[in-house]
Amino acid sequence: QGGQFVKASFNYKTESKTAAVLEGEHIDGSYTAKNWVERVVVRGVENAPKKVEITRLSDPFEPLQFSYDRDSKVLTIRKPEALLTSSYKIHIEF
């Protein structure tokens, strides 16, 4: 609308055998929408996480709901409610 847009990047990286992080970063754009991430699906996760938390720029750690399917090795993180116009990190502990 009116040439406004949001450009964001998402990066999953393994930090150690017991930790990984998913980073969402606002790259460009001036659109001020209140749209947020409803769900994150990560494929190829070898082990079930013990804990998943999010850190937003303005908030401390907040626990998130998640499920893990051992057969398909899929981690689903529900309602991180991270704004697309803000940067955040989702911390995964195994």
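Up top is the structure these notes are about.
What counts, and where the lines are drawn
Residues numbered from 1 in each chain as written. Predicted model: local features only at pLDDT ≥ 70, side-chain atom pairs only at ≥ 80, totals over all residues. Heavy atoms only, no water. Pairing = 2+ DSSP bridges. Helix = DSSP H or I, 4+ residues; strand = E, 2+ residues; numbered from the N terminus. Contact = heavy atoms within 4.5 Å. Core = buried A, V, L, I, M, F, W, Y, C linked by side-chain atoms within 4.5 Å. Buried < 20%, exposed > 50% of the residue type's maximum accessible area, 1.4 Å probe, protein only.

Asker: Could you clarify how one ought to interpret the pairing of strand S2 (residues 19–28) in this entry?
Answerer: Looking along a regular strand, one sees side chains alternate from face to face of the sheet. As paired strands, strand S1 (residues 7–16) and S2 are joined by 9 bridges and run antiparallel to one another. Looking at the pairing, Lys7 lines up with Asp28 of S2. Counting the residues in the hairpin turn of S1 and S2 gives 2 residues. By the bridge criterion, 6 bridges tie S2 to strand S8 (residues 88–93) in an arrangement that is antiparallel. Looking at S8, one finds that Ala19 is bridged to Glu93.

Asker: For this particular structure, what's the right way to read the environment of Ser87?
Answerer: For Ser87, the location among the structural elements is in the loop between strand S7 (74–78) and S8. What Ser87 contacts, discounting residues up to four positions off in sequence, is Gly24, Glu25, His26, Arg56 and Leu57.

Asker: What exactly am I supposed to notice about the sheet that holds strand S5 (residues 62–63) here?
Answerer: The pairing of strands in a sheet happens through backbone hydrogen bonds and is either parallel or antiparallel. The 5 strands are arranged S1-S2-S8-S4-S5 in an open sheet whose pairing can be described as antiparallel. Looking at the sheet topology across the chains shown, the edges are occupied by S1 and S5. Strand direction decides the pairing type here: strand S4 (residues 51–56) and S5, joined by 2 bridges, are antiparallel. By the bridge assignment, Glu53 is partnered in S5 with Pro63.

Asker: Help me out: how do you make sense of the nonpolar core in this one?
Answerer: Proteins that are soluble and globular tend to have nonpolar side chains buried together. Val40, Leu75, Ile77, Ile90 and Ile92 are the most contacted members of the largest nonpolar core, which totals 17 residues. Of all the elements in the fold, those that place two or more residues in this core are S2, strand S3 (39–43), S4, S7 and S8. In terms of residues, this core owes the most to one element, S8, which gives 3 residues.

Nothing here speaks to function; it is geometry throughout.
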